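What follows is the residue order along each chain.
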Amino acid sequence: MSASTPGDLYETLCGCVRDVYNNYPAGWPKILRPTSGFSLLPGIVSEAARSQGGITRCGLFPEISRAWATVGGTVYVWRTDRSTDVPLEHTASDGKIVQVDLLQPRKGVFRGINHILVVVTRFQISMVALTLDYDGAGTVLEPLSLYRASTDNVLMTSVCTTPLGRIFMGGEDGHLYEVLYHTGSGFLWSQRKCQKVCHTKGWLDMLPTFLSQGYHGVAKIACDNDRHILYTLNGETMLQVFDLGKDGMEKPRKVADYGDLRSLAFRAPGGMEAFRGSGNRKIREILPIAKAESSKLQLLAITSDGCRVFFTAGPHVGDGRPTCLEAVLAQPAPPENLVDLRRTDKVQCAIFGQGTIISGGSMRQLTATTLVPAVGGSKVYVQQWTFDAEGPLMALAAIPEHTPIVEDVLGSEFVTQVFHPPQKLIMMGTSGWMQLEKRRPLEILAHLFYQGEHARVAEFFKIYRPDDAAAMCWQLAASPPDGTASAISEAAASLLQRPTIRIEADSEAVYKGLRLYIDRLLVPMRRSRLFVDVGQGIISCPFSTSILVFLERRFSQLMKSLSAHHSDEIVDLKMFVARAYEALHLIGVFVHNNIGRLVVRLEARLRRGLTSLTLDSVLNVDGDGEGESHSSIVLGALLREFLKERTDQNEIAVELRKKCPSFFREEDYQHFQAQNLLKAAAKMPPGPRQRQLTNEAVSAMLAAPLTGNLDSIVSTLFKLKHMQGVVDIPLAAAAKVDPHELAFIDQANPHVEAARVERQACCLPALHVASALLKDPAALGVTKEESKTLFREFLLAATRAQDKLFLAELFHLLVSNGCDSELLGFNHSYVEHFLGKEAGLRGDKALSVGQLRHAELLGQLYAARGDGVNAGNVFCVIGDRGVQGAAQDDRVGYYRRAIIQFERAGNDELKRKMRERVTAVEMQSQVLERMRAVPEGVEGREEALQDLQKRFIPVGELFRKYTTKYKMWDLCIETSTHSGDFDADDIKKLWDLFMRQGWEEQAGNGTKAQSTEVARRVAALGSKVYPSPSFPSKWICYRMEQMAVGMWPVDWSAAQPSLEDPNLMTVQALTTVYGDSLLKVLELYDSFARDQHIAHGPQALRWQVTVSLHHICRKLQSSEGRGVGRGSGTAGVGVAGGDGAQTLELCIAEARRLLRAA
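This one's a predicted model, so the numbers in the text were calculated from it and none came from an experiment.

Chemist: Please explain the overall build of the protein chain as it appears in this structure.
Modeler: When its secondary structure is counted, the protein chain shows 41 helices and 32 strands. Per-residue burial over the protein chain gives 51% buried out of 1158 residues. Intrachain contacts of the protein chain at a sequence separation of at least 6 include 61% that bridge at least 24 residues.

Right, here's the structure in full:
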């Protein structure tokens, strides 16, 4: 049998041998023993009963050590642990009291009231506050006048309250009711604050009585508080099951309804034997079975003659909610040859727990049946007691322990008897009450040892399993010496050392029994972690001082008991027991010295490790060694924090080495000595001796860097100006927590992440020093000048580091604090890798501000090394990618910086490409500005804006995606100057579109305005692109002269050209493009006039060209005398100077002749 997983009650019952019941062994002490004499009812109650016809009802409230009785319309409540207690009384105002129960109300409803008496009469349900004072003074019953509800003329035949504060009642009409109560929110002070609701009425209840199926009053209600299931007994044989929901607060939902117990029982093993030859037996008790005792059985029903039926209420998987009621096992009543039950002594009351059923029908006699998981199968032993008392048995209850050592230890009796004293019981009738104690197997064995009954002890080993019996021997042997207990302990220890009881494998039973006892001792601590975070970073131990002291004493006694055992198996357990004792002692030390205060000073990684500790990991139950090592490190660190604040450190350290050698190890002691060296060095003036002591301490700590508080160590070393130690010890600790360097693996998995967290936690103390030296030297107690020197020493020490995480954090610190020169001068190969990684240059998205910062530093690093090509490439990438939120013009700056680096490197090809990029970026900026002017809502506008702002776009792509699509014809023409993808016809078409666009923009303003706009555009754009193939002079001149005579871009009626009012817009625009060089304009017209389009073209066009040519010649003639048009602007033109004047005269004359002929 395992301590942590005791045998299920179902399995134990199924293991019963064919003859279910057995005589209780002769000579053994009785299971029940009175702890007090029979106590009569208080005089005031007896007197009232005599005068009013007797006790109506009576019962027990064992949880508050009270009994109660009703006489007519009055209820009396008194203490059962004091025979002189004066009863409290409450009298109902509306008749005879029919039901009474005790309620622990829901929190928040009543202020200062922990218990309420629920009093039910024929007509009303009342709530009465019960104020308790365990010292005997001030206990009162106070009616709560606003907490009353009508019964609606339904006689309530049963009542049941739950620990969650619910009140259920069963009516004579067979229905289940609930009393709901609340704080109230009405405006009237007299508004009722409770009401009765029915959970079972349906449409069938509306039928006349002669058509209904009849009903049975609810005789009993029982609530399974573990599983939140409610059971009712209607009449004497009908069982109903209600589901209260997972939290126990939902509306009851009926899931099963059975009216024939015999039919149910017949289906179960043992049912036919138990119910053979009798009518339908009456059920007297329904008892929920605790979840700790069985996961398969939920309910026990006991009949009036003692038959037992065990039920299940549903599935044992899934959500575990009840779905049915099925009889699983049945047992007959104890045989008449074992118990002498008279007809008047049938079962009236019964209780069940840990395999024992105690029942009775009168105060004179009780019967107990105890289920024992014995060798070869389980057995049920029967025992009977006779008491000197009369009257019917009205109530039988177990008294809960008010101050248990462990509150939540559940399971088999073999486990609970390790921690709790024997169970106290109380039985009550109409004449008085009596307190009893139930002996468990441990007390029976102790009694047999005390009596020296060796034969009885041997019989005990035969009835109980040898390992269970041996476990109880170990418990008795390791009990603290106390009077008669000493003799029992010695007898048990003697048996374990020299077994005189002839059983199979004596030594094996002794070993298994020891293991069982140890397991059972540790049950309460294996259920949760040793230390828990209770919120806001506060860590505490969930175990009380009483349980820690109890267990420490038990293990201490067990160690003494084991000192006489030397077998190999026992030796292994001796080591386990010793470590358990050490752990418990150490945890007790922490709890006693306010662990929350000690934990605050631990590093984060150690705090996390502390809250992950379990007893199994501390004791290395799995045997892998890692749990033991981890727990030793964590607990050792906590122990050192405890030592720091002690004035008697040396004495405490020696004691801990003696009592907790597994946790305060030799290396811990050496670290403790190293700490003392540091303290001694701190008290010395600066000098060689101080440096020597500090170096010795650092050397010792580097051997075991995890044995101390890194924050404290680094702080002390900084005060001693030992910067190499400030860096080296945290890095050594980081290497220790991650020996396989998992943190450096470029993967995302839980193990790698955990290793990174551990390493970073170790490096933080050193990084905090570096940060404070940069940001707040005063916080470290040094001046700014001193901080500069110390920071240089810190960086020098860090150049030896190989921890990439530490270096990355250090470099981040330098970058964020503007320490560019320090970073660029840091002599370590990881600098380049770090800057490249943080810059994120491999991608196509715009750089963030942080990435830009690291990319610029990377470019500077290459430039400082004389690597102009790599430096230029970095700046080029910055320009290509751009920066989030930055203007397009900023790209140009990075391209120019790249040009400078490529020039220094002597790479002309890269320099040329960068200049092309500069031009392209400038063009892209113009496109962006134009796109911003595009009205919102135009398809593709927003996407285009985002694209133009976030990346560099080549010229060809600009032309295809944006300038053409959005009719930016001037930019298309400018784009053609930087691309070789355009032929002459393409350029002519672009100019046509550009000039037509200007014409159309002035539509409605007259042809003169339109012509003026076209001329303006030609002058402005031509000035930019001339001279280049992107300015087709002849074609532009041709189109503009066509426009002057109304032939283009649309036909319109233009005025006849004349010398007196010439249209000179074409000449003026071209003059602007040619930089006011009339000779170049004349040269263009001279060539243009000979073109076939003009010579054989429309007469109006020839006239316009002639007028323009006449004007040019006149302007040149008039400027001859002033020297206009000479110099570089007229060089190479055939009409200039000397013969040029004669040529001009001829041109003018020809123009006049042509015009007159027209």
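Chemist: How should the nonpolar core be read in this particular structure?
Modeler: Soluble, globular proteins show a tendency: their nonpolar side chains are buried together. Judged by nonpolar contacts, the single largest core of 104 residues is most densely connected at Phe 531, Phe 555, Leu 558 and Leu 610. Looking at this core element by element, the count peaks at 11 residues for helix H12 (residues 568–592). Aside from chain neighbours lying at most four places away, what touches Leu 558 is Trp 474, Ala 478, Leu 514, Tyr 517, Ile 518 and Val 577. Core analysis: the next-biggest nonpolar cluster, separate from the first, contains 78 residues, Val 769, Leu 807, Val 831 and Val 918 among them.

Chemist: It is not clear to me how the packing of helix H33 (residues 969–976) against helix H35 (residues 1007–1025) should be interpreted in this structure. Could you clarify?
Modeler: Two measures define how a pair of helices packs: the angle their axes make with one another and the distance between the axes. Packing of H33 against H35 brings their axes to within 10 Å, and their N-to-C directions diverge by 20 degrees. As far as their axial angle goes, H35 and H33 are roughly parallel. The interaxial crossing formed by H33 with H35 has right-handed handedness. Residue-level inspection shows Asp 970, Ile 973 and Glu 974 of H33 in contact with H35, the latter providing Leu 1021, Lys 1024 and Val 1025. Residue classes in the contact of H33 with H35 are distributed as three nonpolar, no polar and three charged.

Chemist: When you look at the pattern of salt bridges in this model, what are you seeing that I'm missing?
Modeler: Should their charged atoms come close, side chains of opposite charge can pair. One pass over the full model with this rule turns up 36 salt bridges. In this structure, Arg 1039 and Asp 992 form a salt bridge, with 3.2 Å as the shortest nitrogen-oxygen distance. With Arg 1039 in helix H36 (residues 1033–1044) and Asp 992 in helix H34 (residues 984–1001), this residue pair connects regions lying 47 residues apart in the sequence. In this structure, a network of salt bridges that share partners links the residues Glu 1001, Glu 1013, Arg 1016 and Arg 1017.

Chemist: Help me understand the packing of aromatic side chains, please; the structure alone is not making it clear to me.
Modeler: Both the distance between ring centres and the angle between the ring planes are used here to describe each pair of aromatic rings. Tallied over the full model, the rule gives 18 aromatic pairs. Between the aromatic rings of Phe 61 and Trp 68, the centroid separation amounts to 6.1 Å while the plane-to-plane angle is 25 degrees, which identifies the pairing as stacked. Of the residues examined, Phe 61 reaches a relative accessible area of 2% and is grouped as buried. A residue is classified by how much of its surface remains accessible, and Trp 68, at 6% relative accessible area, is buried. Taken together, a centroid distance of 5.6 Å and an interplanar angle of 80 degrees make the contact between Trp 991 and Phe 994 edge-to-face. Here Trp 991 and its partner Phe 994 are both found in helix H34, three residues apart, which amounts to about one turn of the helix.

Chemist: What's the story with H33 in this structure? I'm lost.
Modeler: Working note: α-helix, 3.6 residues per turn, so residues spaced by three or four point in the same direction. With eight of eight residues buried, H33 is to be regarded as a mostly interior element. Of all the residues in H33, the buried ones are Trp 969, Asp 970, Leu 971, Cys 972, Ile 973, Glu 974, Thr 975 and Ser 976. Those residues of H33 that are buried are in contact with helix H30 (908–933), helix H32 (955–963), H34 and H35.

Chemist: Could you clarify how one ought to interpret the sheet that holds strand S10 (residues 124–131) in this entry?
Modeler: Strand pairing in a sheet relies on backbone hydrogen bonds. The paired strands run either parallel or antiparallel. Pairing is antiparallel in the open sheet, where four strands are placed in the order S8-S9-S10-S11. Looking along the sheet, the strands with just one partner apiece sit at the ends: strand S8 (97–103) and strand S11 (140–150). Between one strand and the next, the sheet's axes are offset by a mean angle of 25 degrees, whatever the strand orientation. Relative to strand S9 (residues 116–121), S8 runs antiparallel, the two sharing six bridges. Paired with Ile 97 across the two strands is Thr 121, which belongs to S9.

Chemist: Is there a simple way to explain helix H37 (residues 1065–1073) in this structure?
Modeler: With seven of nine residues buried, H37 lies mostly within the body of the structure. Restricting attention to buried positions, one finds in H37 the residues Met 1065, Thr 1066, Val 1067, Ala 1069, Leu 1070, Thr 1071 and Val 1073.

Chemist: For this particular structure, what's the right way to read the sheet that holds strand S21 (residues 299–303)?
Modeler: Strand order in the open sheet formed by four strands is S20-S21-S22-S23, with antiparallel pairing between adjacent strands. Looking at the sheet topology across the chains shown, the edges are occupied by strand S20 (283–288) and strand S23 (326–331). Across the sheet, the mean angle from the axis of one strand to that of its neighbour is 20 degrees, orientation sign disregarded. Where S20 lies against S21, five bridges are found, and the strand directions are antiparallel. Within the sheet, the bridge partner assigned to Ile 283 lies in S21 and is Thr 303.

What counts as what
- Residues numbered from 1 in each chain as written.
- Predicted model: local features only at pLDDT ≥ 70, side-chain atom pairs only at ≥ 80, totals over all residues.
- Heavy atoms only, no water.
- Helix = DSSP H or I, 4+ residues; strand = E, 2+ residues; numbered from the N terminus.
- Buried < 20%, exposed > 50% of the residue type's maximum accessible area, 1.4 Å probe, protein only.
- Contact = heavy atoms within 4.5 Å.
- Core = buried A, V, L, I, M, F, W, Y, C linked by side-chain atoms within 4.5 Å.
- Axes fitted to C-alpha atoms, helices over the stretch in contact; angles between N-to-C directions.
- Parallel < 35°, antiparallel > 145°, perpendicular 65-115°, else oblique.
- Left-handed = near helix turned anticlockwise from the far one by under 90°.
- Nonpolar A, V, L, I, M, F, W, Y, C, P; charged D, E, K, R; others polar.
- Salt bridge = Lys/Arg side-chain N within 4 Å of Asp/Glu carboxyl O.
- Phe/Tyr/Trp six-rings, centres within 6.5 Å; stacked < 30°, edge-to-face > 60°.
- Pairing = 2+ DSSP bridges.

Don't take any of this as a statement about function, it's just geometry.
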